[in-house]
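# Structural description and commentary
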Amino acid sequence: MHNTAAPDSPPNRPAARKRVAILISGRGSNMMSLVEAAKAPDFPAEIVMVISNRPDAAGLAWARAQGIPALGLDHKRYESRAHFEGQLQQALELARVDLVVLAGFMRLMTAEFVGAWRDRMLNIHPSLLPSFKGLDTHARALAAGVKLAGCTVHFVRAEMDEGPIIMQAAVPVLADDTQETLANRILKQEHRIYPAALRLVAEGRVAVIDGRAVVSGGEAAEAALVAPTGQC
Ligand code: GRF
């Protein structure tokens, strides 16, 4: 008897792209930046589905227009958080999703759901975590008088805005900033680091060691950091 099976991964075949679902609740500008980035032929992930807990989210219509399956799962129609998440989980499994990306998704998740996606679910928060977790981030940053603000991509843990930090970008806070001007400056960086962080994770270059995300491979340190020079 001889073995005619092809080898599992011939040296020249590129690794399969990770299948990504993006969860949103609103306008979805981060989702758009991820979808645009994933159009690059060398991007290691594809966006296979967009799900919103608000069926009227503007981002859903945009995703559909891009030809991406987009699902509105109205959380108010479920009797509990766990029921809602059961439905969500089923949709993710049906689409054979490898990674879940939260992009302005405004629902807290149970520890069970978060545990099921441990180190496979990313979130972005518009502050330099662990500072200013939660809502009204920009107002609190301005009130505190911080001189640097920014955004953070991290793996999701059960506690809100907690989890190993994958990538951060810093921006200056200017004397005449309002919540809006600061939010806009940070949002520009969100659109830059979220696709970059997803790339690192999808390439398998991010390991969680002792609760910290460690980036390996070429230019690892630079890959995890965006500094504030020349970006006002
Ligand atoms: C972003 O600022 C993100 O950091 C936060 O919610 C906002 C969502 O914006 N988690 P968008 O829907 O991606 O435009």
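Described in the following lines is the structure provided in the data block. (Residues numbered from 1 in each chain as written. Predicted model: local features only at pLDDT ≥ 70, side-chain atom pairs only at ≥ 80, totals over all residues. Heavy atoms only, no water.)

### What to know about the pairing of strand 7 (residues 165-172)
The criterion, for reference: Residue exposure (1.4 Å probe, protein chains only): buried if accessible area is under 20% of the type maximum, exposed if over 50%, otherwise partly exposed. Helix numbering and strand numbering both begin at the N terminus, where a helix is a DSSP run of H or I of at least 4 residues and a strand a DSSP run of E of at least 2. Strand pairing is assigned whenever DSSP detects at least two bridges linking the two strands.
The element strand 7 is largely enclosed, with a buried count of six among its eight residues. Bridge count for strand 6 (residues 148-155) against strand 7 is seven bridges, and the pairing is antiparallel. Note on strand 7: the bridge partner recorded for Thr152 is Gln168.

### Topic: the environment of Ala158
By secondary structure assignment, the location of Ala158 is in the loop between strand 6 and strand 7. With 40 residues separating them along the chain, Ala158 and Arg118 place their C-alpha atoms 9.5 Å apart.

### Points about the pairing of strand 4 (residues 99-102)
Cut-off, in case you're wondering: We call a crossover right-handed when, viewed with both strands directed away from the observer, the connection leading from the first strand over the helix to the second proceeds clockwise.
Across the two faces of strand 4 the burial is the same, with Leu99 and Val101 and Val100 and Leu102 all buried. Looking at chain direction, strand 1 (residues 18-24) and strand 4 are connected through four bridges and run parallel. From the neighbouring strand, Val20 faces strand 4, where its bridge partner is Leu99. Direction of pairing for strand 4 relative to strand 5 (residues 121-125): parallel, over a ladder of three bridges. Counterpart to Val101 in the pairing with strand 5 is Leu122. For the crossover that starts at strand 4, traverses helix 4 (residues 111-116) and ends in the parallel strand 5, the hand is right-handed.

### Topic: the site of the ligand
We count it as follows: Proximity is defined per residue: if any heavy atom of the residue lies within 4 Å of a molecule or strand, that residue is considered near it. Counting of polar contacts relies on pairs of N or O atoms within 3.5 Å, with two restrictions inside protein: one atom must be capable of donating a hydrogen and the other of accepting it, and residues adjacent in sequence are counted only when both atoms are side-chain atoms. Here the open area of atoms and residues is found with the Shrake-Rupley method and a 1.4 Å probe, where only the protein chains shown may cover a residue.
Around the ligand, the neighbouring residues are Arg27, Gly28, Ser29, Asn30, Gly104, Ile124, His125, Pro126 and Glu190. At 2.9 Å from an oxygen atom of the ligand is found a main-chain nitrogen or oxygen belonging to Gly28. Between Glu190 and the ligand, the recorded distance is 2.6 Å, taken from a side-chain N or O atom to an oxygen atom. In the complex, 84% of the free accessible area of the ligand, which totals 370 Å², lies under the protein chains. Among the secondary structure elements, those contributing two or more residues to the shell around the ligand are helix 1 (29-37) and strand 5.

### What to know about the packing of helix 1 against helix 6 (residues 179-202)
Rules: A fitted line through C-alpha atoms serves as each axis, taken over the contacting stretch for helices, and the angle formed by two N-to-C directions is quoted from 0 to 180°. Any angle that is under 35 degrees is reported as roughly parallel, and any over 145 degrees as roughly antiparallel; angles of 65 to 115 degrees are reported as roughly perpendicular and all others as oblique. Crossings are assigned a handedness: left-handed for a near helix turned anticlockwise from the far helix by less than a right angle, right-handed for a clockwise turn. Only heavy atoms enter the contact rule, under which two residues are in contact if any of them lie within 4.5 Å. Each residue is assigned to one class: nonpolar for Ala, Val, Leu, Ile, Met, Phe, Trp, Tyr, Cys and Pro, charged for Asp, Glu, Lys and Arg, and polar for all the others, Gly among them.
Packing of helix 1 against helix 6 brings their axes to within 9 Å, and their N-to-C directions diverge by 45 degrees. Here helix 1 lies oblique to helix 6, going by the angle between them. Viewed along their axes, helix 1 and helix 6 form a crossing whose handedness is right-handed. The residues of helix 6 that touch helix 1, namely those facing Ser29, Asn30, Ser33, Leu34 and Ala37, are Leu187, Glu190, His191, Tyr194, Pro195 and Leu198. Tallied by class, residues from the contact of helix 1 with helix 6 come to six nonpolar, four polar and one charged.

### Some remarks on the pattern of salt bridges
Spelled out, the test is: A pairing counts as a salt bridge when a side-chain nitrogen of Lys or Arg comes within 4 Å of a carboxyl oxygen of Asp or Glu.
Counted by the stated rule, this structure contains nine salt bridges. Connected through salt bridges with shared partners, the residues Asp42, Arg199, Glu203 and Arg205 form a single ionic network.

### What to know about the environment of Met106
Locating Met106 in the fold gives a position in the loop between strand 4 and helix 4. Among the residues examined, Met106 registers a relative accessible area of 55% and is labelled exposed. C-alpha of Met106 to C-alpha of Leu23: the two residues are 83 residues apart in sequence and 9.2 Å apart in space. With near-sequence residues (within four places) excluded, Met106 lies in contact with Ser25 and Leu135.

### A look at the environment of Arg107
As for its placement among the helices and strands, Arg107 is situated in the loop between strand 4 and helix 4. It is 9.4 Å that separates the C-alpha atoms of Arg107 and Ile24, two residues lying 83 residues apart in sequence.

### Quick word on the nonpolar core
The nonpolar side chains of soluble globular proteins are, as a tendency, buried together. Selection rule: Buried residues of nine kinds, namely Ala, Val, Leu, Ile, Met, Phe, Trp, Tyr and Cys, make up a nonpolar core once their side-chain atoms join them within 4.5 Å.
Counting residues in each nonpolar core, the largest one holds 45 residues, and the members touching the most others are Ile22, Ile47, Val50, Ile166 and Leu198. The leading source of residues in this core is helix 6, at nine residues. In contact with Ile22, not counting residues within four places along its chain, are Met31, Leu34, Val35, Ile47, Met49, Val50, Ile51, Val101 and Ala103. Among the nonpolar cores identified, the runner-up in size contains 21 residues, and Met49, Leu73, Leu92 and Val114 belong to it.

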